[in-house]
Structure formats: C-alpha cells, structure tokens
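An overview of the molecular structure
Here is what each chain is made of, one letter per residue.
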Amino acid sequence: MKTGTDRSNAAWASAFGLLFAAILLAGVAGWDSSAAATVRAGAAPGLKQAARFLSRYGDFPFLLGSGVVCLALVLRRGKGEWARIVVAMILSGIIAGLAANAIKLGTGRVRPRVDQVEQGWYGPRHGDRWVSLQHEFQSFPSSHAACAFGFFFPLFLSRRVAGAAGLAVAVAIAWSRVQLNAHYISDVAGGALIGLLAGWLVWRWLVARGGLARWLGAPPN
C-alpha cells in the first residue's frame, strides 16, 4: 500500500511527534520513576528474555545489516523505487543514532539501573570529573529508540502497511530498553522523537523530492 498525500504524511508525522512529546513529558513528570520501580520489582523470565533479544538484535549494527541486505536484493531485482526507500531508511537510522549519541554526551543522565550514583542529570561533568563517555551517564536519549524509529519511519511514510509493522518493531525495541532497566520511558520517547525527525527530513529529501538522483535515478512520478 502506497502512502497518501504529503498532507497525510505531515499529519501522521505531527501526530507521532505530539504523542512521543507527551510521553516524554509524562515520563519526566512521574512515569519514569514508577516504571523503573516496577522493573526493579521483577518481571517474568520470558519477558526479560524477549527484551534481551530485542535489545541485542534491535541495535543499529543489525538494523544496518538488514538494510544493506535488503538494498542488495532490491537493486538486484531492479526495484529502483524500493532502493530509494531502503537508502532513506539506512541514512535516517545513521543520522538519528549519531544525533542521539551526541546529545547524550551533554545530558549526563544516570541510567536507572545504576545504584552507585544518585539519579539525576549531571551534564558533561559530575563533581570534578568528566562523565560524558561513561556508559552509566548516557541514559538520555536512547540511541536504540532513535535508530529504530529513524530506520522505520521512512518506510512508514512510503508504504503504510510495511511501515506500520516496522514501527511496531521500533516500539518493541524501545520497550526492551525500559524493561532491561537501561533507560527511562522519557529516554526512549526522546530517542523516538529524534528518529521521527530524522526520518521525516530524510524521506522528504530522498523519497519525496528525489535526492541523490545521480546515483538512485529519478523517482517515479
């Protein structure tokens, strides 16, 4: 199923953006602490196992690998339109991931599973030491969520049914990071917002407006 008009896509992008902005604010206002307490209280082993699977294979190296494989397949079959979509997915995922990792260097938010440091937002420094590159201080935003939503959102804007399935996978990946006590709800919502923005911008340039025509050919009318 192909997408509708640009107005329809803009409406969907706005709706998703407002949804995750609301989740981010709700998380900071109280959902973060209550969800973290629930996770610390324990979960069924099956849920933890599923979360570990999603967290491991939903990381960007695996998304990138699957994107490259799909790109090779569509190029081999001469599917130029799909090649443009897959390139947009890969590029958006890369941009979203880089942006999320750059932002978290400045926020210094302590991950919920860390007990040795009081929870909070410390910025690049904590006391007399730099903490930007320390894993424990890189909770916000979630790069897993940013990469996943950045990867799948161009697909949603291009093909609704396949893209909806992809976004469901992105939501599951984001859930896994909260379930594993690696991120707060607001962390994954913030990552999702970054991914949505990257996906929208890359899709507009590459798919809707025919960017990289020299290498990908002219987009279909």
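Residues numbered from 1 in each chain as written. Predicted model: local features only at pLDDT ≥ 70, side-chain atom pairs only at ≥ 80, totals over all residues. Heavy atoms only, no water.

With that out of the way, let us pick up the overall build of the protein. When its secondary structure is counted, the protein shows eight helices and two strands. Along the protein, helices and strands appear, N-terminal first, in the series α-α-α-α-β-β-α-α-α-α. For 221 residues, the compact-globule estimate of 2.2 N^0.38 gives 17 Å, and the protein sits close to it at 18 Å. With the C-alpha coordinates aligned to their principal axes, the bounding extent of the protein is approximately 55 × 40 × 30 Å. Counting over 221 residues, the protein shows a buried share of 48%. Sequence separation of at least 24 residues holds for 76% of the intrachain contacts in the protein that already meet a minimum separation of 6. Approximately 11,200 Å² of the protein is accessible, and the part contributed by carbon and sulfur atoms is 65%. (Helix = DSSP H or I, 4+ residues; strand = E, 2+ residues; numbered from the N terminus. Rg over C-alpha atoms; globule rule 2.2 N^0.38 Å. Buried < 20%, exposed > 50% of the residue type's maximum accessible area, 1.4 Å probe, protein only. Contact = heavy atoms within 4.5 Å. Areas by Shrake-Rupley, 256 points an atom, 1.4 Å probe, with all protein chains shown as cover.)

All chains considered together, the criterion is met by four salt bridges. Put simply, Glu81 and Arg159 hold a salt bridge, and the shortest N to O gap is 3.0 Å. Placement of the pair is Glu81 in helix 4 (residues 80–107) and Arg159 in the loop between helix 5 (143–158) and helix 6 (160–179), with a sequence separation of 78 residues. On the basis of relative accessible area, Arg159 is assigned to the buried category, the value being 11%. Note that Asp187 and Arg109 form a salt bridge whose closest N and O atoms lie 2.8 Å from each other. Taken together, the residues span a long stretch of sequence, with Asp187 in helix 7 (residues 185–208) and Arg109 in the loop between helix 4 and strand 1 (125–126) at a distance of 78 residues. Judged by relative accessible area, Asp187 falls into the buried class, the value being 0%. (Salt bridge = Lys/Arg side-chain N within 4 Å of Asp/Glu carboxyl O.)

What follows concerns the side chain of Arg109. You can call Arg109 buried: its relative accessible area is 8%. Within the local environment of Arg109, its side chain forms a polar contact with the side chain of Asp32, the two groups lying 2.9 Å apart. Setting aside anything within four residues of it in sequence, one finds Arg109 in contact with Asp32, Gly120, Trp121, Glu136, Phe137, Gln138, Ser139, Phe140, Tyr184, Ser186 and Asp187. (Polar contact = N/O pair within 3.5 Å; in protein donor to acceptor, adjacent residues only side chain to side chain.)

We now examine the nonpolar core. If you look at the biggest cluster of nonpolar residues, it comprises 41 residues, and the most contacted ones within it are Phe16, Phe20, Phe149, Phe152, Phe153 and Leu167. Per-element tally for this core: the top contributor is helix 5, with ten residues. In contact with Phe152, not counting residues within four places along its chain, are Leu63, Met89, Gly166, Leu167, Val169 and Ala170. (Core = buried A, V, L, I, M, F, W, Y, C linked by side-chain atoms within 4.5 Å.)

Our focus in this paragraph is the packing of helix 3 (residues 60–76) against helix 5. Between helix 3 and helix 5, whose axes approach to 9 Å, the crossing angle comes to 20°. As far as their axial angle goes, helix 5 and helix 3 are roughly parallel. Between helix 3 and helix 5 the crossing geometry is left-handed. Across from Phe60, Leu63, Ser66 and Gly67 in helix 3, the residues of helix 5 making contact are Cys147, Ala148, Phe151 and Phe152. In terms of residue class, the contact of helix 3 with helix 5 is built from six nonpolar, two polar and no charged. (Axes fitted to C-alpha atoms, helices over the stretch in contact; angles between N-to-C directions. Parallel < 35°, antiparallel > 145°, perpendicular 65-115°, else oblique. Left-handed = near helix turned anticlockwise from the far one by under 90°. Nonpolar A, V, L, I, M, F, W, Y, C, P; charged D, E, K, R; others polar.)

Turning to helix 4, a few remarks are in order. For an α-helix, 3.6 residues make a turn, and residues three or four places apart therefore share a direction. Here helix 4 is 28 residues long and its end C-alpha atoms lie 41 Å apart, about the 40 Å a rise of 1.5 Å per residue gives. Just downstream of helix 4 lies Gly108, where phi reads positive at about 60°. (Expected span 1.5 Å × (residues − 1).)

Next up on the list: the packing of helix 5 against helix 6. The interhelical angle for the contact between helix 5 and helix 6, taken along N-to-C directions, is 170°, at an axis separation of 7 Å. By the angle between their directions, the pair helix 5 and helix 6 is classed as roughly antiparallel. In this structure, helix 5 contributes His144, Ala145, Ala148, Phe149, Phe152, Phe153, Leu155, Phe156, Leu157 and Ser158 to the contact, and helix 6 contributes Arg160, Ala162, Gly163, Ala164, Gly166, Leu167, Val169, Ala170, Val171, Ile173, Ala174 and Arg177. Among the residues forming the contact of helix 5 with helix 6, the class breakdown is 16 nonpolar, four polar and two charged.

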